[in-house]
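# Report on the structure
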Amino acid sequence: QVQLVESGGGLVQPGGSLRLSCAASGNIFSIYTMGWYRQASGKQCELVATITRAAMTNYVDSVKGRFTISRDNAKNTVYLQMNSLKPEEAAVYYCSTNIRTAEATSDYWGQGTQVTDAS
């Protein structure tokens, strides 16, 4: 019954900002690494950013200095603050989390949230 609910996508003009969130719920023992992926139309899914339980972060080079990934362990939530957005970054953004339950440790994916270029 682990579920990820994403929100925060929408229409943005070039140079605009959005803050994505992804909240996990269910029979969760622990959440380890959390991350964000994006898939633009006609392209492969790309890893954007990850954050470990200890808050160590990694970013794809193209977003460094503009995007910030963070997490609130008490709320089982990961965020992606996106600033100075570029038209080519329009995509469906997916949250992925490595979660330990009573049965196993595995990856879970959110439903995706759409970021659309408004220009």
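Every chain begins its residue count from 1, and numbering advances along the sequence as written. In view of the model being predicted, local features appear only for residues whose pLDDT reaches at least 70, and side-chain atom pairs are presented and counted only at 80 or more, with totals across whole chains, interfaces and linings using the full set of residues. Think of the side-chain values as coming from all heavy atoms in the structure, minus any hydrogens and water.

## Looking at the sheet that holds strand β1 (residues 3–7)
In this description, strands pair whenever DSSP reports at least two bridges between them. By definition, any uninterrupted DSSP run of H or I lasting at least four residues is a helix, any uninterrupted run of E lasting at least two residues is a strand, and each is numbered from the N terminus. Strand order in this open sheet of four strands is β1-β3-β8-β7, and the pairing throughout is antiparallel. Sheet topology places β1 and β7 (67–72) at the edges, where each strand pairs with a single neighbour. Within this sheet the neighbouring strands show an average axis-to-axis angle of 15 degrees, counted without direction. For β1 and strand β3 (residues 18–25), the ladder comprises five bridges, and the chain directions are antiparallel. In the strand pairing of β3, Leu4 is matched with Ala24. With axes taken as lines fitted to C-alpha atoms, and helix axes fitted only over the stretch in contact, angles between N-to-C directions fall between 0 and 180 degrees.

## Focus: the pattern of salt bridges
Think of a salt bridge as a Lys or Arg side-chain nitrogen and an Asp or Glu carboxyl oxygen that are within 4 Å of each other. Scanning all chains against the criterion turns up four salt bridges. Residue Glu46 is joined to Arg38 by a salt bridge in which the shortest nitrogen-to-oxygen separation is 2.9 Å. Think of it in three bands: residues with accessible area under 20% of the maximum for their type are buried, residues over 50% are exposed, and the middle band is partly exposed, with areas taken using a 1.4 Å probe on protein chains only. Note on Glu46: relative accessible area 29%, which makes it partly exposed. Of the charged contacts, one joins Arg38 and Glu89 as a salt bridge, the two residues approaching to 3.5 Å between their closest N and O atoms. Residue Arg38 is located in strand β4 (residues 30–39), and its partner Glu89 is located in the loop between β8 (77–82) and β9 (91–100); the two are separated by 51 residues in the primary sequence. Side by side, Arg38 and Glu89 carry an identical accessibility label, which is buried. Within this structure, Arg38, Glu46, Arg66 and Glu89 form a network of salt bridges that share partners.

## Thoughts on the pairing of strand β5 (residues 46–51)
Bridge count for β4 against β5 is five bridges, and the pairing is antiparallel. Note that in β5 the partner of Trp36 across the bridge is Ala49. Here β5 runs beside strand β6 (residues 57–59); their pairing, made up of three bridges, is antiparallel. Directly across from Ile51, in β6, lies its bridge partner Thr57. Hairpin connection from β5 to β6: five residues lie between these consecutive antiparallel strands, with Ala55 at a positive phi of about 75 degrees.

## Things to note about the nonpolar core
Core analysis: the largest hydrophobic core is formed by 27 residues, its most contacted members being Trp36, Phe67, Val78, Leu80, Met82 and Tyr93. Looking at this core, the elements with two or more residues in it are β3, β4, β5, β7, β8 and β9. Among all residues touching Leu80, those that are not within four sequence positions of it are Leu18, Arg19, Leu20, Trp36, Val48, Ala49, Phe67, Thr68, Ile69 and Tyr93. We call a set of buried Ala, Val, Leu, Ile, Met, Phe, Trp, Tyr and Cys residues a nonpolar core when their side-chain atoms join them within 4.5 Å. The contact criterion used throughout is that any non-hydrogen atoms of two residues lie within 4.5 Å.

## Here we look at unusual backbone geometry
Positive phi, close to 50 degrees, is recorded for Asn76, a residue that is not glycine. Mapping Asn76 onto the fold places it in the loop between β7 and β8. For Asn76, a relative accessible area of 26% puts it in the partly exposed group. Positive phi values are uncommon outside glycine, yet Ser84 reaches one of about 50 degrees. Mapped onto the elements of the fold, Ser84 is located in the loop between β8 and β9. Judged by relative accessible area, Ser84 falls into the partly exposed class, the value being 40%.

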